[in-house]
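Summary of structural features
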Amino acid sequence: MHGDADLAEPARLMGEPARAAMLVALLDGRSLPASELAGIAGVSASTASTHLAQLLAGGLVSDRRLGRHRYFTLAGADVANAVEALQLIAPRRAVSSYAQSASAERLALARSCYDHFAGRLALDLADALVREGAIAPLVAGEPGRVLDPGAPLAERLGLAEGVGVAGSSRRPALRGCLDWTERRPHLAGRLGAHVLRRLIDDGWVGRRPGDRSLRVTDEGEREFAALARG
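Read on for an overview of the structure. (Residues numbered from 1 in each chain as written. Predicted model: local features only at pLDDT ≥ 70, side-chain atom pairs only at ≥ 80, totals over all residues. Heavy atoms only, no water.)

Describing the packing of aromatic side chains
Overall, the coordinates contain two aromatic pairs when judged by the stated rule. Taking the centre distance of 5.9 Å and the plane angle of 35° together, the rings of Phe117 and Phe224 count as tilted. Of this pair, Phe117 sits in strand β5 (residues 116–118) while Phe224 is found in helix α11 (residues 218–229), placing the two residues 107 residues apart along the sequence. On the numbers, 5.3 Å between centres and 90° between planes, the contact of Trp204 with Phe224 is edge-to-face. Linking Trp204 in the loop between α10 (189–201) and β8 (205–208) with Phe224 in helix α11, this pair joins segments that are 20 residues apart in sequence. Here Trp204 matches Phe224 in class, with each residue buried. (Phe/Tyr/Trp six-rings, centres within 6.5 Å; stacked < 30°, edge-to-face > 60°. Helix = DSSP H or I, 4+ residues; strand = E, 2+ residues; numbered from the N terminus. Buried < 20%, exposed > 50% of the residue type's maximum accessible area, 1.4 Å probe, protein only.)

What to know about the pairing of strand β6 (residues 175–178)
For β6 and strand β7 (residues 185–188), the ladder comprises four bridges, and the chain directions are antiparallel. Residue pairing for β7: Arg175 is matched across the bridge by Ala188. Count of turn residues in the β6/β7 antiparallel hairpin: six residues, of which Arg183 carries a positive phi of about 60°. (Pairing = 2+ DSSP bridges.)

Quick word on the pattern of salt bridges
One pass over the structure, following the stated rule, counts nine salt bridges. In this structure, Arg120 and Glu105 form a salt bridge, with 2.5 Å as the shortest nitrogen-oxygen distance. Of this pair, Arg120 sits in helix α7 (residues 120–131) while Glu105 sits in helix α6 (residues 98–109), and the two are 15 residues apart along the sequence. Judged by relative accessible area, which is 30%, Arg120 ranks as partly exposed. In this structure, the salt-bridge partner of Arg198 is Asp202, at a minimum N-O distance of 3.1 Å. A relative accessible area of 23% places Arg198 in the partly exposed class. (Salt bridge = Lys/Arg side-chain N within 4 Å of Asp/Glu carboxyl O.)

Observations concerning the sheet that holds strand β3 (residues 69–74)
Read from one edge to the other, the open sheet built from three strands follows the order β1-β3-β2, with strand pairing classed as antiparallel. Edge positions in the open sheet fall to β1 (32–33) and β2 (61–66), since each of these has one partner strand only. Sheet topology note: the β1/β3 ladder contains two bridges and is antiparallel. By the bridge assignment, Leu32 is partnered in β3 with Phe72.

Take it as geometry only, folks, not as evidence of what the structure does.
Written as structure tokens, this is what we have:
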């Protein structure tokens with residue numbers, strides 16, 4: 001038998017600025033070496049190793065060794081959800097340069113949130129799926145419902161295929177994840193991950209090196225503009 005959750009422990013781990021920066025950097029589901037995480041957090045290699053050891057011990061990250069290097073990633077979707085939820089209540093940093101402004105705009109438009117699609121375009125996509133009756137309206141933090149995987153956009157995104165894959169895991173097939181920039185839920189869960197892979201495979205969006213914002217292709221701009229028009 002266990003008592004109440006010890007909220008103070010993950011809060012302590014996330015509350016140190018360098019560790020918080022590392023967790024946000026890993027929020028797109030990438031695996032990064034300790035050296036790159038040290039640079040992102042602005043700390044020395046030895047200090048980064050100490051922070052990563054604490055995150056490992058606390059169950060917030062996992063690691064694997066490739067050759068001489070250790071790569072770190074978030075320990076799972078629950079950790080990503082917790083980091084994203086904290087971003088909803090965290091104060092916004094002041095934007096003091098064009099580069100920061102451009103980065104903020106890219107993140108607000110389209111980004112990966114762990115392994116699924118987030119940002120304004122993700123909300124347009126979710127709205128279009130609701131309009132055509134493919135899914136029920138999403139509620140943040142709640143399991144979603146697939147109503148008609150054969151609807152036109154749902155079929156184009158392979159939701160029927162995703163539903164089949166989704167049955168093999170304990171993770172919710174579909175979940176509403178509250179978007180920290182738009183304050184409305186986007187698609188998450190296993191189907192959310194499936195949709196992001198499909199968007200990348202079909203050439204609507206592409207990943208950016210060292211950045212969790214997503215590059216929208218010319219084809220993607222046309223497709224998302226059509227979705228927004230309804």
